[in-house]
Amino acid sequence: MDCTRTPFAVPPSNASTGSGTAGAGTDMAQAIRAAEIELGTMLVKTRKSLKTRAAAIHPELQPMGFKVLMLLALSGAVQQVALTHEVGTDKAVMSRTIKQLEALGLVTRTADPSDGRGQLVDMTPEAQARYAATQSHARQLLFDRLSTWDIEEVRRLADLLARLNESGD
């Protein structure tokens, strides 16, 4: 089985959605299965891309560290506890990740002036430059792929992705 085309390797469901006739339910189930396969393929490719981007920043950068850098690039300096919450991990994992990022010269920690107990984590200028380069490269790849599409197709894709993102956590 080609896991880049069927990453979940789940047999198709024959269950009806309960809306309309049995044929319509089967059609919907098949359409949802096709969407699931394509989303799974996209997730596998995205994970591979993130590993490549992390290695471009630093050969020893782990995926969790890259997630932290992505968040810091969006937010700027932030408390370590907020990073822990945003990434959805525990304090010990985040603490180890921040220590690794510090050892690689990618982040700094300073006392939070608004909260003496908290530590602000921020990207180093070198990490910012390397992250920006990977972001620029990723944007160019996406542009190259989508620029051959009709503009209405690209807008429709954006609308559908927004709708999917809004429909749940």
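Residues numbered from 1 in each chain as written. Predicted model: local features only at pLDDT ≥ 70, side-chain atom pairs only at ≥ 80, totals over all residues. Heavy atoms only, no water.

## What to know about a nonpolar patch on the surface
Moving on, step 1. A cluster of nonpolar side chains, Leu 39, Met 42, Leu 161 and Leu 164, forms an exposed patch at the surface whose accessible area comes to about 320 Å².
Moving on, step 2. Elements with a contribution of two residues or more to the nonpolar patch: helix H1 (22-57) and helix H6 (151-166).
Moving on, step 3. Inspection of the secondary structure puts Met 42 in helix H1. (Patch = residues over 30% accessible without salt bridge, like charges linked within 9 Å, V, L, I, M, F, W, Y side chains within 5 Å. Areas by Shrake-Rupley, 256 points an atom, 1.4 Å probe, with all protein chains shown as cover. Salt bridge = Lys/Arg side-chain N within 4 Å of Asp/Glu carboxyl O. Helix = DSSP H or I, 4+ residues; strand = E, 2+ residues; numbered from the N terminus.)

## Quick notes on the confidence of the model for the chain
Moving on, step 1. Here the chain shows a mean pLDDT of 87. Residues at 70 or above account for 85%.
Moving on, step 2. Within the chain, strand E3 (residues 115-123) has the poorest average pLDDT of any element, 89, and helix H4 (residues 91-103) the best, 96.
Moving on, step 3. With pLDDT under 50 throughout, residues 1-20 is counted as low confidence; its partners more than four residues away or in other chains account for 25 contacts. (pLDDT = per-residue confidence, 0-100. Contact = heavy atoms within 4.5 Å.)

## Considerations on the pattern of salt bridges
Pairing between side chains of opposite charge can happen when their charged atoms approach one another.
Moving on, step 1. In this structure the tally under the stated criterion is five salt bridges.
Moving on, step 2. Close ionic contact of Glu 36 with Arg 33 constitutes a salt bridge, the shortest N to O distance being 3.0 Å. Taken together, the residues span about one helical turn, with Glu 36 and Arg 33 both in helix H1 at a distance of three residues.
Moving on, step 3. Owing to a relative accessible area of 14%, Arg 33 belongs among the buried residues under this scheme.
Moving on, step 4. Ionic pairing is found between Asp 115 and Arg 117, a salt bridge with its closest N-O pair at 3.3 Å.
Moving on, step 5. Arg 117 gets classed as exposed once you look at its relative accessible area, which sits at 77%. (Buried < 20%, exposed > 50% of the residue type's maximum accessible area, 1.4 Å probe, protein only.)

## Observations regarding the pairing of strand E2 (residues 107-112)
Moving on, step 1. By the bridge criterion, six bridges tie E2 to E3 in an arrangement that is antiparallel. Each bridged residue has a counterpart across the sheet, and for Thr 110 the counterpart in E3 is Leu 120.
Moving on, step 2. Taking the residues that link successive antiparallel strands as the turn, the E2-E3 hairpin has two residues. (Pairing = 2+ DSSP bridges.)

## A look at helix H5 (residues 125-146)
Given 3.6 residues per helical turn, the α-helix brings residues three or four places apart onto the same face.
Moving on, step 1. In this model H5 runs 31 Å from its N-terminal to its C-terminal C-alpha over 22 residues, within 8% of the 32 Å that 1.5 Å per residue would give.
Moving on, step 2. Inspection of H5 places Ala 127, Tyr 131, Thr 134 and Leu 146 among the buried residues, and these make up the whole buried set. Relative to the axis of H5, the buried residues are bounded by an arc of 105° and lie together on one face. When the buried face of H5 is taken as reference, the exposed residues oriented beyond 90 degrees from it are Pro 125, His 137 and Phe 143. (Expected span 1.5 Å × (residues − 1). Arc of directions from axis to C-beta.)

## Topic: the pairing of E3
Moving on, step 1. The sheet contact formed by strand E1 (residues 78-79) and E3 spans two bridges and is antiparallel. Residue pairing for E3: Gln 79 is matched across the bridge by Leu 120.

## Considering the packing of helix H2 (residues 63-75) against helix H3 (residues 80-87)
Moving on, step 1. Look at H2 against H3: their axes get within 11 Å of each other, and the N-to-C directions meet at 110°. Judged by the angle between their axes, H2 and H3 are roughly perpendicular. Crossing geometry of H2 relative to H3 is assigned as right-handed. Two secondary-structure elements touch here, H2 through Met 64, Val 68, Leu 71 and Leu 72 and H3 through Leu 83, Glu 86 and Val 87.
Moving on, step 2. Residue composition of the contact of H2 with H3, by class: six nonpolar, no polar and one charged. (Axes fitted to C-alpha atoms, helices over the stretch in contact; angles between N-to-C directions. Parallel < 35°, antiparallel > 145°, perpendicular 65-115°, else oblique. Left-handed = near helix turned anticlockwise from the far one by under 90°. Nonpolar A, V, L, I, M, F, W, Y, C, P; charged D, E, K, R; others polar.)

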